[in-house]
Amino acid sequence: MNATRADDLRQRIVRVVESQSAVSDDACVVRVELPDQGVVVRHAAGGIVRGQARAHPLSSFRIASITKPFTAAVVMQLVAEGRLGLDDAMIDHLPADLHDVVDRVHVIDGVSYGRRITVRQMLTHASGLFDFAQSAGFFTAIAADPGRHWSPREMLEGAGVWGAAHFPPGEGYGYAYSDTGYVFLGCIIEGLDAGPLHESYRRRIIGPLGLAATYLEGYEEHRGEPMIHPHQGDLDASVIDGSADWAGGGLVSDTDDLAVFARALIDGTLVPQPLLDEMLDYRFRTLDPDLHTPGYVGYGCGVDARESSGLVLRGHRGYWGALMHIDPVSGLTITGTISQAERRPDELMHAVVAAARDTFPESFEVPA
């Protein structure tokens, strides 16, 4: 490792993190790793609670939709075990007590399409299911009772009454982001593994990888350092019960754990080939390109793709400004949060990638 250049990279990242936090004193925590150079940079700025306790490089945080790659990895493991197929109808693997919801949750012009939805369509957001987590009805219910513990069934029922399905499964424009599908996937996991979702995460991913700070909020005790309070503007959203969104966004973690998970996902430790290729295939047609930020390329099975400084990073984002990105070629890994739902961490991500490429260009050269 070149110590001088490593220090240069650290200083650039520190400036980026400090500038992100300076906007409103929301916590900004980032970890950057460049494996071939032996460089790991961790930095935290802002308050765990605004204006109070300061964030730590290993402060835990709600990772929100970064939960989806965890859920998708468990589904792929079940596929590898021969216990379901990607093109199986979801209803074939759902517990019987949810079949009535399937018939009501996806209706277009009086026709129910719920029984046509496949596992793959839910993983890739091609089911057409309305996203309960982006509905006014869901936010109204949360505002009325932030501490309410949500059951998966309540979220699925909400998807059927708070909005309308976008298109028949796999048809139309083919992609509409939906937490609803991931809640259904969580229910499938529970049925096939014959136990609570958090136990499947722990047995299949969290335990084997040694993720000491990762847990399913609302179902397990807190682990790791004190949790950063996420914000929606000036609203301290830590009062919202962590059960909301469950398999679509209920995990808490820290930057180290997310980096370990990202590497294990990309290198095939968690999901074997060729199923890993299925996860990483990011072809789709989006409902509205304007919903996505510059550099967004596409979505696979629980894993997105984003272009930055000539790299195609794989990973996911989370509602509270959480991010997990890895370049499969160089191994550059970026994990963290800006703990603010009203801002996206694009500036942070692009600045970190540019800094790494400028400082260690040789790490990104493709062998002839």
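Residues numbered from 1 in each chain as written. Predicted model: local features only at pLDDT ≥ 70, side-chain atom pairs only at ≥ 80, totals over all residues. Heavy atoms only, no water.

Colleague: Could you clarify how one ought to interpret the packing of helix H2 (residues 67–80) against helix H7 (residues 179–193) in this entry?
Modeller: Each packed pair of helices is defined by two parameters, the angle between the axes and the distance between the axes. In contact at an axis separation of 10 Å, H2 and H7 are set at 40 degrees when each is read in the N-to-C sense. When the axis of H2 is compared with that of H7, the two are oblique. Helix-helix and strand crossings are classified by hand; for H2 and H7 the assignment is left-handed. Judged by residue contacts, Lys 68, Thr 71, Ala 72, Val 74, Val 75 and Leu 78 of H2 engage Asp 179, Tyr 182, Leu 185, Ile 189, Leu 192 and Asp 193 from H7. Of the residues in the contact of H2 with H7, the class split is 8 nonpolar, 1 polar and 3 charged. (Axes fitted to C-alpha atoms, helices over the stretch in contact; angles between N-to-C directions. Helix = DSSP H or I, 4+ residues; strand = E, 2+ residues; numbered from the N terminus. Parallel < 35°, antiparallel > 145°, perpendicular 65-115°, else oblique. Left-handed = near helix turned anticlockwise from the far one by under 90°. Contact = heavy atoms within 4.5 Å. Nonpolar A, V, L, I, M, F, W, Y, C, P; charged D, E, K, R; others polar.)

Colleague: Quick question: what am I supposed to make of the side chain of Arg 204 here?
Modeller: Within the secondary structure, Arg 204 is located in helix H8 (residues 197–209). Taking the relative accessible area as the measure of exposure, Arg 204 reaches 9% and is therefore buried. In this structure the side chain of Arg 204 is engaged in a polar contact, spanning 3.1 Å, whose partner is the side chain of Gln 77. Beyond its immediate sequence surroundings of up to four residues, Arg 204 is in contact with Val 74, Gln 77, Leu 78, Glu 81, Arg 83, Asp 193 and Leu 270. (Buried < 20%, exposed > 50% of the residue type's maximum accessible area, 1.4 Å probe, protein only. Polar contact = N/O pair within 3.5 Å; in protein donor to acceptor, adjacent residues only side chain to side chain.)

Colleague: Honestly, H7 in this entry has me stumped. Any pointers?
Modeller: Under the 1.5 Å per step criterion, the end-to-end length of H7 is 21 Å for 15 residues, consistent within 8% with the ideal 21 Å. Counting buried positions along H7 yields 12 of 15 residues, so the element is predominantly enclosed. Of the residues that open H7, the one with a side-chain oxygen 3.2 Å from the backbone nitrogen of Thr 180 is Ser 178. Backbone geometry just downstream of H7 places Ala 194 in the positive-phi region, at approximately 55 degrees. (Expected span 1.5 Å × (residues − 1).)

Colleague: I'm lost on the sheet that holds strand S11 (residues 304–308) in this one. Help?
Modeller: Within a sheet, each strand pairs with its neighbour through backbone hydrogen bonds, oriented either parallel or antiparallel. In space, the 7 strands of this open sheet follow the order S2-S1-S14-S13-S12-S11-S10, with antiparallel pairing throughout. This sheet does not close on itself; its edge strands, each paired only once, are strand S2 (39–45) and strand S10 (296–299). Strand after strand, the sheet turns through a mean of 20 degrees between neighbouring axes, direction not considered. One ladder, built from 7 bridges, connects strand S1 (residues 28–34) with S2; its direction is antiparallel. When the sheet's bridge partners are listed, Arg 31 is paired in S2 with Arg 42. Here helix H1 (residues 3–22) sits on the sheet in contact with S1 and S2, set at roughly 25 degrees to S2. (Pairing = 2+ DSSP bridges.)

Colleague: Explain the packing of aromatic side chains here, please?
Modeller: Ring pairs (aromatic) are described by centroid distance and by the angle formed between their planes. Within the structure shown, the criterion is met by 9 aromatic pairs. Three or more aromatic residues link up through ring pairs in this structure, and these residues are Phe 132, Phe 138, Phe 139, Trp 150 and Trp 162. Of note, Lys 68 hangs over the ring of Tyr 182, and the distance from its end group to the ring centre comes to 5.7 Å. Note that Arg 148 overlies the ring of Trp 150, its terminal NZ or CZ placed 3.8 Å from the centroid. (Phe/Tyr/Trp six-rings, centres within 6.5 Å; stacked < 30°, edge-to-face > 60°. Lys NZ or Arg CZ within 6 Å of the ring centre and 35° of its normal.)

Colleague: I keep staring at empty space enclosed by the protein and nothing clicks. Help me out?
Modeller: The method is simple in principle: a probe with the dimensions of a water molecule rolls over the atoms, and the space it marks as empty is what remains. Evaluation of the coordinates by the stated rule reveals 1 cavity of 30 Å³ or more. Looking at the largest cavity, the residues that line it are Phe 61, Arg 62, Ile 228, Pro 230, Trp 320, Thr 337 and Ser 339. When its residues are assigned to classes, the lining of the largest cavity shows 4 nonpolar, 2 polar and 1 charged. (1 Å grid on protein atoms, 1.4 Å probe; cavity = no way out; pocket = protein on both sides within 12 Å on 5 of 7 lines; lining within 4 Å. Points joined across faces, edges and corners; volume = space filled by probe spheres on them.)

Colleague: Just checking my understanding: could you explain the environment of Ile 205 for this structure?
Modeller: When you line up the elements, Ile 205 lands in helix H8. Through-space distance from the C-alpha of Ile 205 to that of Gln 340 is 27 Å; in sequence the pair is 135 residues apart. Residues contacting Ile 205, with those up to four places away along its chain left out, are Phe 70, Ala 73, Val 74, Gln 77, Ser 200, Leu 211, Phe 261 and Leu 270.

Colleague: Any chance you could explain the environment of Gly 128 here in plain terms?
Modeller: Inspection of the secondary structure puts Gly 128 in the loop between helix H4 (119–123) and helix H5 (136–144). The class for Gly 128 is buried, based on a relative accessible area of 0%. Sequence separation between Gly 128 and Gly 181 is 53 residues; the distance between their C-alpha atoms is 9.1 Å.

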